[in-house]
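# Analysis of the macromolecular model
Letter by letter, the chains look like this.
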Amino acid sequence: RQGEPERPPEPEPEPETDEQRAERERKEQSLALKNQGDAAYKAKKFDEAVQLWTEAYELDPTNVVLLTNRAVAYTTQRRFDEALADCEKAIDEGRRLRLDYAVIARAYERMGGAYSQRGDLKLAIKCYNSSLSECNSAGVLKKLREAEKQLEKQEREAYYDDAKAEEARTAGNELFKKADYPEAVKMYTEALRRNPREVKIYTNRAAAYNKLRSYPSAVKDCDAAIDIDKQWVKSYKLKAHAQFFMKDYKNAMETYRQGLAVAPDDAELADGLQKTLMAINTNQRNESAEETRARAMADPEVNDILRDPVMQQVLQDMQRDPKAAASHMQNEMVARKIEKLIAAGILRTG
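All of the points below concern the structure found in this document. Quick caveat, the model's predicted, so the values are computed rather than measured.

This brings us to the pattern of salt bridges. Applying the stated criterion across every chain yields a total of 27 salt bridges. Close ionic contact of Glu157 with Lys153 constitutes a salt bridge, the shortest N to O distance being 2.8 Å. Pair noted here: Glu157 and Lys153 are both in helix H7 (residues 138–158), with a separation of four residues, about one helical turn. Between Asp317 and Arg320 there is a salt bridge, with the nearest N and O atoms lying 2.7 Å from each other. In this pair, Asp317 and Arg320 both sit in helix H17 (residues 309–320), three residues apart, roughly one turn of the helix. Put simply, Asp81, Arg118 and Asp120 are held in one network by salt bridges that share partners.

Written out as structure tokens, the structure is:
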């Protein structure tokens, strides 16, 4: 434009010195070797990867990523001391060179991985926490949680001791006999920490919980015992008793029946079942037929039974001839469904 002064020419760039050119070429060569090392690692050629990353680092010691990469290869080869040394050097050099926090975080993460693979979970957890303090990462947080879970399992299993579990259970039994149920629960809990696969301890503690009227806890212990040994009859008795006292009659009836399937001649289970049926009848007398039916129909299980064509025929037979019930009750599956309808109040006895 006219009237505007001419701009001075842009300064020519400084020519590259021999030293700068040599440094640039070293970095380029180092990067090429790094990429070759990355490819070798992906191909599971770990020795080759280590050698290439080592040569790359010698050419460019400012690239600490080469150290953390090499640490991973060492960890894969179970050369843990060398992996840890590389991570420590990466952290020291990263701080000296004032590199990004993410680089330091990665070094701590790789160190945590080496400790984890070596079985030093406490040190692995410490390293993962250090990594997260440098830079948040969902991946590192996941590794931390997994290491914590593994450590908890290790410590729990290290505490197992069958003999000491039996000592604690015996002590709990003595306290139970003295009606000191809270202390008995403590001893049974200690016994379970020592041996969590012993059904007797679960049912011992369930019995103490029943005495303390902690019925949901009793049911939970009985379920654990049943999961371990479905033939241990005491589990069904204590569970059904707890359900009965919670007035959960429908489930109590089912539990008594499950117990009788294991021990058909058990008088305590049979008596409990009869008492449950009587309690159901007593409850039903205190509400109208309409109220009972409305409550029962809200139960999906009751609805399924009533929609079953076989059960529809059974109910019709029973309506025409009450004596037909005895015949149908000989079929175990039909008997269970009839008892569920009785418990729900759809069928009334007496």
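What follows continues from the structure just given.
This part is about the packing of aromatic side chains. Taken as a whole and assessed by the stated rule, the structure comprises six aromatic pairs. A centroid spacing of 5.9 Å and a plane angle of 35 degrees characterise the contact between Tyr41 and Trp53, whose relative ring orientation is tilted. In this pair, Tyr41 is assigned in helix H1 (residues 18–42) and Trp53 in helix H2 (residues 46–59), connecting sequence segments 12 residues apart. Residue classification places Tyr41 among the partly exposed residues on the basis of a relative accessible area of 26%. For Trp53, a relative accessible area of 3% translates into the label buried. A network of ring pairs unites the aromatic residues Tyr215, Phe244, Phe245 and Tyr249 as a single cluster. Above the ring of Tyr159, the side-chain terminus of Arg194 is found at 3.6 Å from the ring centroid.

The phi dihedral of Arg98 is positive, around 55 degrees, even though this residue is not glycine. For Arg98, the position within the fold is in the loop between helix H4 (80–96) and helix H5 (101–118). Unlike most non-glycine residues, Arg213 shows phi in positive territory, near 65 degrees. Looking at the secondary structure, you find Arg213 in the loop between helix H10 (199–211) and helix H11 (215–228).

Side chains of a nonpolar character, in soluble globular proteins, are inclined to be buried together. Judged by nonpolar contacts, the single largest core of 35 residues is most densely connected at Ile91, Met111, Tyr115 and Tyr128. Mapped by element, the contributors of at least two residues to this core are H1, H2, helix H3 (65–76), H4, H5, helix H6 (121–134) and H7. Grouped together as the second largest cluster of nonpolar side chains are 29 residues, Val233, Leu260, Ile338 and Ala344 included.

About the cut-offs
Residues numbered from 1 in each chain as written. Predicted model: local features only at pLDDT ≥ 70, side-chain atom pairs only at ≥ 80, totals over all residues. Heavy atoms only, no water. Salt bridge = Lys/Arg side-chain N within 4 Å of Asp/Glu carboxyl O. Helix = DSSP H or I, 4+ residues; strand = E, 2+ residues; numbered from the N terminus. Phe/Tyr/Trp six-rings, centres within 6.5 Å; stacked < 30°, edge-to-face > 60°. Buried < 20%, exposed > 50% of the residue type's maximum accessible area, 1.4 Å probe, protein only. Lys NZ or Arg CZ within 6 Å of the ring centre and 35° of its normal. Core = buried A, V, L, I, M, F, W, Y, C linked by side-chain atoms within 4.5 Å.

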